[in-house]
Every structure is written in C-alpha cells, then in structure tokens.
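# Topology and contacts: notes
Each chain is listed here by its residues.
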Amino acid sequence: MSSTLLRGRTLSFLRWPETIDDQAAWRYEEDGGLLLRDGRIVAAGAYSDVERLAGEATEKIDHRPHLLLPGFIDAHVHVPQMQVIASYGAELLDWLNTYTFPEEAKFADAQHGRRIARLFLDEMVRHGTTTVAAYCSVHRASVESFFAESHDRDMLNIAGKVMMDRNAPEGVLDTPQSGYDDTKALIKEWHGKGRQRYAITPRFAITSSPEQLEMAGALCREHPDLHMQTHLSENHAEIALTQDLYPWSRDYTDIYEHYGLLGKKSLFGHCIHLSEREADALSQSGSVAVFCPTSNLFLGSGLFDYQRYRRRDKPLRIATATDVGGGTNYSMLRTMDEGYKVIALNGEKLNPFQSFWQITRGNAEALSVQERVGTLEEGTDADIVVLDARATPAMRLRMETVTTLAQELFLLQTLGDDRTVREVYVAGRAAKTDIAS
Ligand code: GUN
Ligand code: ZN
C-alpha cells in the first residue's frame, strides 16, 4: 500500500471563525504532517507525531515553508463558458443572448465538449480548486465528457445537464421530456460513480417553461439525495421578465418554491436582490445562496449583502463561487479578493480566516460534502492545496513586513492567483505537476 507524507504549515477549519482571534475555529500546525494513503488523509497533526505512523516505504514530500490547506471548492461555475469569459459590454440577458448561448451551442459537437472538459479541469487544478458544482451545456454529451474527465482524475465534482426549453436559440434547447429523460440517464450512469455526483440543473425560470420546472421538481422528488442548482435574483431586468412569465408568483423565489425546488441541497446562484420574504423562504428550507463576486461586478448585477444574510434572524447558508464565464477569474483567491471589496462596499469586512473558511469548509458545508472534502481531518479525502505566499516579487516584498498568519492569508487573497498554488493533491496524487508535464 503506497503512502505519502506531506510536511508543511497545515491549516484547516473546524467552524466559522467569529473573529480574527478566534483560534478555536481552526487548527494550525507550524510544522505539520499529513499522511496520505489510498486517496485519504489517514493521519494529521504535528509532523513529529504523524511521521511516527509512516511506514518504511512512505514517500516524504517537504513543502515547508508553504501552507497546506484543503483544496478549494467552487460552488457555481459554467464549463462551456471558457470562451465566453472576457466578453465585453453587456448586462445579464444581453450577455446570455449575444455571447453565451451561441458559445454553448458549440457543445452539440461532442469532440468540442471533450476538449473543453479537459482544459476546464486543468484550469481548476492549476488554480487550486479540487471540487466544483458545475453547469454543463444542454447537450447530454457535454455532461458525459465532463464526468468522464473528472472520473479519470478521481476528482469529487458535482455537475449536471442544463435543462432549458424556451427563450433561447434552437441549438441550446431541449424539451420537458427530453430534459427529463437525459437527466435520468445521466444520473443512472454517473451519480455515485467513483467521486462523481449529479446535480439536477434547470438553468433558470426564464429558459424553463412551467412544464419543465414541473419535471425538475419531479426529478428532485425522485432523487432527494441529489443537488439541484439554478439561478435566482441576479439582475433587475431578469427579475422583471421572470415576473411577466410567471404572473401568479409572489416573487422570483416563489416560482422555485412552487415547483418544489427549495431544500438543503438546492444551490441558488446570485440571490442579490432578495426580499425579506424570499430570504426567509431560502433560510427555512435550508437552501444555499451562492455569492459570485467577480461575475456580479463584471455584469453590473449588484452587491450581494453577505453579512446581512449571515446575521439576519433567519440566516442564509452561503457559498462562494467564480461563476466563470460571467465571472472573470478561475481562482478562488481572486474571487475572495473581489468578495472582500463587495462586502466592504456594503460597509462590512470579512476577515481572512473567514475568507479561507468560506472557500474550504464553508463551501463544503454549503454543498453538504464536508464529510469528504473541505478539511484536513483524518478519514477525509486527500484533496490538498499548497500555497506559496512568496510566489511573485511583489508578494515576496510584501511578505517582508508580514508577522502573523492572518496577514499572510490576507496577502494570499489580495495578491494571489494560480502562481501562488505550488501543488495540488487530488485524492492523494500530485495533480498540478501532472498538468505542467
Ligand atoms: N442566468 C442564467 N444563465 C446564466 C449564466 O450562464 N450565467 C449567469 N451569470 N447567470 C445566468
Ligand atoms: Zn451561473
């Protein structure tokens, strides 16, 4: 049985850090060790303790002085939008019609889907992200390519075929029946295969007819253990059009509520302009609001009020995400840097421990995968990122004046990107090195 012993400064969260001094919220080892075997972390702690448990044949890798954290988790991202990112000058609905739908139509070609799935997961790993909740295109083959590629790399990923049957070009439409049938077939083939998990994925209320949302609700009832992901309350024009399409609804959230789409495994991208009633409905059902700061800024959608949602009487479960290609960067570090600024514009701050909690354990809890990923706890999967706070000349210079872990984390968030990620372990294997070679 081959095993690997990693040495470095280990940091993993136990719960939300209330303040910057809330040391009981995390576990930090200045000289830490992680023993990996069969894709799992079998021992974690002080290096001297963990080393004693390592057998003769254990490969030892010394990452000092770098930090070892759980791999990052991106809770909302679009695989077929790698060639949409950086499209100029539009707000959400025009951006979808002008750039996104034509690009997604190209995924009718399975070969294109395979190429992009490979490049997408390369890019995720290069940026330190080891788990995503992903939207594929409307085409069944795009999901098959994604899961095949993810399974080959032994990654824990959540993904689904977008269901959309109206208000878009013919090349990206399904029907309520074909959307249902394809989803069923994909669940059967991929959900639970290795580390793969399926998400029922109606794109949003504008591109799904009432009949299709009905079918999506049926799928959720038939598969209560599956995730459901969609978009909600991103932009004012979107909200107004949604209201026109579902005139009986009290508000946008009410539509998804009506079709039985709220729940603990339901992920709602954006949630920027929610009323108190809508926030209550999400909170009571345990649904997750996904904060996508780079996308919300880029498309001019609005400022997600993270701290208000957290602190209200009925708090929301919150995840964070890149939302590439509305989002402008693959990195969860860049995402949290922009997130910090959005929260600052709302008159609040997110401290660096809270940020790193969010993109590791916080997102794992929001996706209900914390038993497997998002921490460095023994028995969990060995998805690990190695971060170098001196990766660039500017970072090296700034590090000369850094004296605390909090300052170092904030520097990583503010100046870090893919260059900061020295190595990534996926199920115990060095995955970033694999891509580079
Ligand atoms: N709403 C419906 N589809 C999309 C999408 O692809 N990106 C974003 N940002 N919002 C959406
Ligand atoms: Zn999205």
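The structure we're discussing is the one just above.
Residues numbered from 1 in each chain as written. Chains lettered and ligands numbered in written order. Predicted model: local features only at pLDDT ≥ 70, side-chain atom pairs only at ≥ 80, totals over all residues. Heavy atoms only, no water.

## Some words on the packing of helix α3 (residues 110–126) against helix α4 (residues 140–152)
Selection criterion: To obtain an axis, a line is fitted to C-alpha atoms, over the contacting stretch when the element is a helix, and the angle between two such axes runs from 0 to 180 degrees between their N-to-C directions. Only DSSP runs of H or I reaching four residues or more are called helices, and only runs of E reaching two or more are called strands; each is numbered from the N terminus. Here the word oblique covers every angle except those under 35 degrees (roughly parallel), over 145 (roughly antiparallel) and from 65 to 115 (roughly perpendicular). Handedness of a crossing is defined here by the sense of rotation of the near helix relative to the far one, left-handed for an anticlockwise turn of less than a right angle and right-handed for a clockwise turn. We call two residues in contact when some of their heavy atoms are within 4.5 Å.
At a minimum axis separation of 8 Å, α3 and α4 run at an interaxial angle of 40°. Of the possible angle classes, the one that applies to α3 and α4 is oblique. Crossing angle aside, the handedness with which α3 passes α4 is right-handed. Residues A110, G113, R114, A117, R118, F120 and L121 of α3 form the contact with α4, whose own contacting residues are A141, S145, F146, E149 and S150.

## Considering helix α6 (residues 210–222)
Heads up, the condition is: Each residue after the first adds 1.5 Å to the expected span of a helix. Relative accessibility under 20% of the residue-type maximum defines a buried residue, over 50% an exposed one, and the middle range a partly exposed one, all with a 1.4 Å probe and only protein chains included.
Taking 1.5 Å of rise per residue, the 13 residues of α6 would be expected to cover 18 Å, and the 18 Å separating its terminal C-alpha atoms lies within 8% of that figure. Buried within α6 we find Q212, L213, M215, A216, G217, A218, L219 and C220.

## Observations regarding the pattern of salt bridges
Worth spelling out the cut-off: Here, a salt bridge means any Lys or Arg side-chain nitrogen found within 4 Å of an Asp or Glu carboxyl oxygen.
Scanning all chains against the criterion turns up 37 salt bridges. R15 is the salt-bridge partner of D22, the closest N and O atoms lying 2.6 Å from each other. Residue class for R15 comes out partly exposed when judged on its relative accessible area of 34%. Through salt bridges with shared partners, a single network forms among E276, D280, D305, R308, R312 and K314.

## Regarding the packing of aromatic side chains
The cut-off we apply is this: Two rings belonging to Phe, Tyr or Trp (six-membered ring only in the last case) form a pair when the distance between their centres is within 6.5 Å. Interplanar angles under 30 degrees mark stacking, angles over 60 mark edge-to-face geometry, and anything in between is tilted. By the criterion adopted, a ring carries a charge over it if an Arg CZ or a Lys NZ lies within 6 Å of its centre and within 35 degrees of its normal.
On inspection of all chains with the given rule, the structure shows 17 aromatic pairs. Ring geometry for F147 and W190: centres 5.7 Å apart, planes at 25°, overall stacked. A residue pair is termed long-range when its members are at least 10 positions apart, and F147 in helix α4 and W190 in helix α5 (residues 176–190) qualify at 43 residues. Their ring planes at 75° and their centres at 6.4 Å tell us that Y246 and Y259 sit as a pair that is edge-to-face. In this pair, Y246 is assigned in the loop between α7 (236–245) and α8 (252–258) and Y259 in the loop between α8 and β11 (266–270), connecting sequence segments 13 residues apart. Y259 sits in the buried class, given a relative accessible area of 9%. Among the aromatic residues, ring-to-ring pairing joins F120, F146, F147, W190 and Y198 into one connected group. Sitting over the ring of Y47, R7 keeps its end group 3.9 Å from the ring centre. A cation sits over an aromatic face here: R310 above W16, 3.4 Å from the ring centre.

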